[in-house]
Amino acid sequence: MTTAQEISASIDIPGRKMDFEFELDDIPRHWFADDAFRSTYMNALSCLFPEGERMFMDAVRAHQNKISDPRLLEQIKGFIKQEAIHGHEHAQYNDYLKKWGYPIDRINKIEKAEKVWMKKWVPKSHRLAITCALEHFTAIMAHQVLTDPQATEGMHPQFKQMWRWHAIEETEHKAVAYDVYQQAVGSYWLRVITMINITIMFCLRTTLYQLIFLWKDGELFNPKTWWRGFQFYFLKPGMVRKIWRDYLDYFRRDFHPWDHDNRALLGQWEAEAQAYKPV
Ligand SMILES: [Fe+2]
Ligand SMILES: [Fe+2]
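About the criteria used
- Residues numbered from 1 in each chain as written.
- Chains lettered and ligands numbered in written order.
- Predicted model: local features only at pLDDT ≥ 70, side-chain atom pairs only at ≥ 80, totals over all residues.
- Heavy atoms only, no water.
- Helix = DSSP H or I, 4+ residues; strand = E, 2+ residues; numbered from the N terminus.
- Rg over C-alpha atoms; globule rule 2.2 N^0.38 Å.
- Buried < 20%, exposed > 50% of the residue type's maximum accessible area, 1.4 Å probe, protein only.
- Contact = heavy atoms within 4.5 Å.
- Areas by Shrake-Rupley, 256 points an atom, 1.4 Å probe, with all protein chains shown as cover.
- 1 Å grid on protein atoms, 1.4 Å probe; cavity = no way out; pocket = protein on both sides within 12 Å on 5 of 7 lines; lining within 4 Å.
- Points joined across faces, edges and corners; volume = space filled by probe spheres on them.
- Donors = N, O, S within 2.8 Å, 3.2 Å for Na, K, Ca; no water.
- Tetrahedral: all angles 85-135°; square planar, octahedral: opposite > 155°, others 65-115°.

Undergrad: Explanation requested: the overall build of the chain in the structure shown.
TA: Helix and strand content of the chain: eleven helices and zero strands. Taken from N to C terminus, the helices and strands of the chain fall in the order α-α-α-α-α-α-α-α-α-α-α. Relative to a compact globule of 279 residues, whose C-alpha radius of gyration would be 19 Å, the chain shows 18 Å and is just as compact. Burial status across the chain gives 54% buried among its 279 residues. A separation threshold of at least 6 residues defines the contact pool for the chain, and within that pool the share at least 24 residues apart is 84%. In the structure as shown, the chain presents an accessible area of about 13,300 Å², 59% of it carried by carbon and sulfur atoms.

Given below as structure tokens:
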């Protein structure tokens, strides 16, 4: 039987160059199934990516000198390329959101100031543990985006393409930071305590940005919006209900991201890309 570590070593991580060009005028404000809750939730997530992914790259790069496995070093290169392009594309996406009056520049400033602070005061091993925790979040959410039609049903095609591309690449590189952490740091307790902290911070942060967007949309006090939010989390698609088991796996001592073998999803992008316009 192939082990998770063997699967991990077999994964190629290409750095695809993309340019989604968010310039269309006809994208509606509630571009996700005409649903204010889901649209603002995804927008809030997107606001975390440019600076967050820069932090991931820094944290992995800072441990590279402790890695001797040439295959993992090659995968680190692919990981950095992918996250750099994700950050760039999400920055364009976030700029596009300004047209709806969202305070993107302020959010960017907060995100940047926090990452500068972290780089100065948080040890690099902790920043790598944060990276692993957030990569686990993105990997389990990406799996839903790629496998559950309800998770993307009704998205504007421009946004859908981007979220699917990002989800595939998050799946491809889901174990890179983790493998680096295991070889360079290895502490179980740091990994799981960081996951608990990050779960709280991640939920608070996305909720805060989402509340700002809902307020700007005049939807903050609309009971229908909150009912749709409840449906999104618990009923249809029921994100919390669908990912909590995968989330908890992270707390196992012998956890590895490729225990969840979803390699079958990886070939999808090349087929889908025919319809898109890579640079
Ligand atoms: Fe990413
Ligand atoms: Fe990632």
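Undergrad: I keep staring at empty space enclosed by the protein and nothing clicks. Help me out?
TA: Over the atoms a probe the size of a water molecule is rolled, and this reveals where empty space is left. Summed over the entire model, instances satisfying the criterion amount to two cavities of 30 Å³ or more. For the largest cavity, the calculated volume is near 40 Å³. C132, E135, H136, K174, Y178, Y250, F255 and P257 are the residues that line the largest cavity. Here the element with the most residues in the lining of the largest cavity is helix 5 (residues 124-147); it accounts for three residues.

Undergrad: Before we go on, may I ask you to explain the coordination of the iron ion (ligand 2) in this structure?
TA: For a metal bound by four donors in a tetrahedral arrangement, the ideal donor-metal-donor angle is 109.5 degrees, while six donors in an octahedral arrangement ideally sit at 90 or 180 degrees. Surrounding the iron ion (ligand 2) are the protein donor atoms E83 (OE), E135 (OE), E135 (OE), E170 (OE), E170 (OE) and H173 (NE2), which sit 2.0 to 2.7 Å from the metal. Around the iron ion (ligand 2), the six donor atoms sit at angles spanning 53 to 153°, and that spread fits a shape best called irregular. The distance between the iron ion (ligand 2) and the iron ion (ligand 1) is 3.6 Å, with E83 acting as a donor to both metals. With E83 in helix 3 (residues 70-97) and E135 in helix 5, this residue pair connects regions lying 52 residues apart in the sequence. Across the pair, exposure class does not vary: E83 and E135 are buried alike.

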